[in-house]
Amino acid sequence: MKSIASAPGKVILFGEHFIVYGGKAVLCSIDKRITVESALTDSGKIEVRSSLGSISCAKDMPLSEIESTLRPIVYIAQKILSESGGQSGITINVTAEFPSGIGLGSSSACCVAAASSIVGLFSKCTKEQILELAIEAERTIFENTSGADCSVCTYGGLIEYHRDGQIVRLDFEPRFSLVIADSKMPHSTSQVVARVKKYKDENPAIFSLLRTQEERLIDDAISAMQSNDLALVGRKMSQNQKYLDQIGVSNSTLDAMLNVAYQRSYGAKITGAGDGGCIIAIVDDSNQQAVIRDLLEKGYDCFAARMDLRGVQHQIDNT
Ligand code: MEV
């Protein structure tokens, strides 16, 4: 028997970094997924294969000895195997429709899909239980995560995520789509978050003012999305980028990409941790192709993305 689960990647439309220190962020999941397939074995080992590498370890190997990027998956496998008792090993296969380390939530989608797939070998579980386990697992490599990314990867769609864990589903159907462009500069979310913390500690008054401004901006952006005022959503997005620039998570490559995107989209910003990774631009049918063409002409890798509405999906394969 194989237990197969997949979870979508995500973009942060508004609020990254500031959400780590309270308030809220707006995220949406995208139509690019990570799939995790797991099966029980009698090897006594946890064996993981993925595009990030492979690992084969005894099921009771101390977590601190596990190569960091795969540690959350091993954590989930160890926890579920030990709770279920008796079963001696597990193989886990991870496949991805998008690269890791580019700000599209590969680590969170992986934790969510792995939690659903591995728990699914033994029992049914709710999305709330999957989310709790996924966040716990992600904290084994990124202690300070806000939990926002795992939340949208679990539930899908467009959500408002509050730092206290409250999730408000934004049920209205915004008529925008996104262009995502990849800077090809990999980044480490936990390192960028640590750098922002240093900035915050050294500039408490400025950071606090920016946080207040960001909160207001998010409220305005949600109203603008609700009334499908794309020009206003775009302006809020570009304004959000200015705050991100101020806390030091942009760089010259990202700025150059944004300048191309600003020309014909409604607005653009980095998405996720920044300092590399991706930018997003808000578009609709009238300008999507033009924005993609402009970015490609300048040599940037980019693609159109739609919102995913399904969140984590699970199935058992008995063949
Ligand atoms: C990373 O995708 C988003 C950050 O806000 C960190 C977090 O919320 O855990 C930078």
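Quick caveat, the model's predicted, so the values are computed rather than measured.

The rules we used
Residues numbered from 1 in each chain as written. Predicted model: local features only at pLDDT ≥ 70, side-chain atom pairs only at ≥ 80, totals over all residues. Heavy atoms only, no water. Helix = DSSP H or I, 4+ residues; strand = E, 2+ residues; numbered from the N terminus. Rg over C-alpha atoms; globule rule 2.2 N^0.38 Å. Buried < 20%, exposed > 50% of the residue type's maximum accessible area, 1.4 Å probe, protein only. Areas by Shrake-Rupley, 256 points an atom, 1.4 Å probe, with all protein chains shown as cover. Lys, Arg positive; Asp, Glu negative; His and termini not counted. Charge placed at Lys NZ, Arg CZ, Asp CG, Glu CD. Pairing = 2+ DSSP bridges. Near = heavy atom within 4 Å. Polar contact = N/O pair within 3.5 Å; in protein donor to acceptor, adjacent residues only side chain to side chain. Core = buried A, V, L, I, M, F, W, Y, C linked by side-chain atoms within 4.5 Å. Contact = heavy atoms within 4.5 Å. Phe/Tyr/Trp six-rings, centres within 6.5 Å; stacked < 30°, edge-to-face > 60°. Axes fitted to C-alpha atoms, helices over the stretch in contact; angles between N-to-C directions. Parallel < 35°, antiparallel > 145°, perpendicular 65-115°, else oblique. Left-handed = near helix turned anticlockwise from the far one by under 90°. Nonpolar A, V, L, I, M, F, W, Y, C, P; charged D, E, K, R; others polar. Salt bridge = Lys/Arg side-chain N within 4 Å of Asp/Glu carboxyl O. Expected span 1.5 Å × (residues − 1).

Participant: Run through the overall build of the chain, naming residues and quoting values.
Facilitator: Each helix and strand in the chain was counted, giving nine helices and 12 strands. Against the globule reference of 20 Å for 319 residues, the chain gives a C-alpha radius of gyration of 20 Å, in line with a compact fold. Going through the 319 residues of the chain one by one, you find that 55% of them count as buried. Element-wise, carbon and sulfur atoms account for 47% of the exposed surface of the chain, whose accessible area totals about 13,600 Å². Both charge centroids of the chain, one from 32 positive and one from 38 negative side chains, sit 2 Å from each other.

Participant: How would you summarise the pairing of strand β10 (residues 278–283) if you had to cite specific residues and measurements?
Facilitator: For β10, a buried count of six out of six residues is recorded, marking the element as mostly surrounded by other parts of the structure. Of the two faces of β10, the one holding C278, I280 and I282 and the one holding I279, A281 and V283 are both buried throughout. Alignment of strand β8 (residues 177–182) against β10, held across six bridges, turns out to be antiparallel. What sits directly across from D182, in β10, is C278.

Participant: Would you mind going over the site of the ligand in detail, with residue names and values included?
Facilitator: Lining the immediate surroundings of the ligand are 14 residues, of which K10, H17, T145, S146 and D149 lie closest. S146 has a polar side-chain atom sitting 2.6 Å from an oxygen atom of the ligand. Taking 300 Å² as the accessible area of the ligand by itself, protein coverage stands at 97%. For the shell around the ligand, the secondary structure elements donating two or more residues are β1 (2–14) and α5 (189–202).

Participant: If you had to explain the nonpolar core to someone new, which residues and values would you point to?
Facilitator: Ranked by internal contacts, the top residues of the largest apolar core, which has 98 residues, are L13, F14, I92 and M225. Looking at this core, the element that brings in the most residues is helix α2 (residues 106–119), giving nine residues. Residues within four places of F14 in sequence aside, it is in contact with A25, V26, E214, L217, I218, A221, M225, V233, K236, M237, N240 and K269. Within the second largest apolar cluster, eight residues are counted, among which are A25, A148, I159 and Y161.

Participant: Would you mind going over the packing of aromatic side chains in detail, with residue names and values included?
Facilitator: Taken as a whole and assessed by the stated rule, the structure comprises two aromatic pairs. Note on Y21 and F207: the rings are 5.5 Å apart at their centroids and 90° apart in plane angle, and the pair reads as edge-to-face. Of the two residues, Y21 sits in the loop between β1 and β2 (24–41) while F207 sits in helix α6 (residues 204–226), which places them 186 residues apart along the sequence. Among the residues examined, F207 registers a relative accessible area of 3% and is labelled buried. Ring pairing ties together the aromatic residues F18, Y21 and F207, which thus form one cluster.

Participant: Describe in detail the environment of G15, supporting the description with residues and values.
Facilitator: Structurally, G15 is set in the loop between β1 and β2. In the structure, G15 is positioned 10 residues away from A25 in sequence and 4.3 Å away in space, judged by C-alpha atoms. Among all residues touching G15, those that are not within four sequence positions of it are K24, A25, E214, I218 and N240.

Participant: Account for the packing of α2 against helix α3 (residues 127–138), naming residues and giving values.
Facilitator: As a packed pair, α2 and α3 sit with axes 8 Å apart at the nearest point and diverge in direction by 125°. Here α2 is positioned oblique relative to α3, judged by the angle of their axes. As α2 runs across α3, the sense of the crossing is right-handed. Along the contact surface, α2 presents S107, S108, C111, V112, A115, S116 and V119, while α3 presents I130, L133, A134, A137 and E138. For the contact of α2 with α3, the residue count by class is eight nonpolar, three polar and one charged.

Participant: Now, about the pattern of salt bridges: what can you tell me, with residues and values included?
Facilitator: For the structure shown, the criterion picks out 16 salt bridges. Linking E136 and K79 is a salt bridge whose minimum nitrogen-to-oxygen distance equals 2.7 Å. Residue E136 is located in helix α3, and its partner K79 is located in helix α1 (residues 71–84); the two are separated by 57 residues in the primary sequence. Residue classification places K79 among the partly exposed positions, given a relative accessible area of 26%. Salt bridges linked by common partners bring K24, E160 and D219 together as one network.

Participant: Break down α6 for me, with residues and values.
Facilitator: One full turn of an α-helix is made of 3.6 residues, so residues set three or four places apart face in the same direction. In this model, α6 (23 residues) spans 33 Å end to end at C-alpha, consistent with the 33 Å of a helix rising 1.5 Å per residue. Listing the buried residues of α6 in full gives F207, L210, E214, L217, I218, A221, I222, A224 and M225. Summarising the contacts, the buried residues of α6 are in contact with β1, β2, β6 (158–162), α5 and α7 (230–246). Just beyond α6, the residue with positive phi is N228, at close to 55°.

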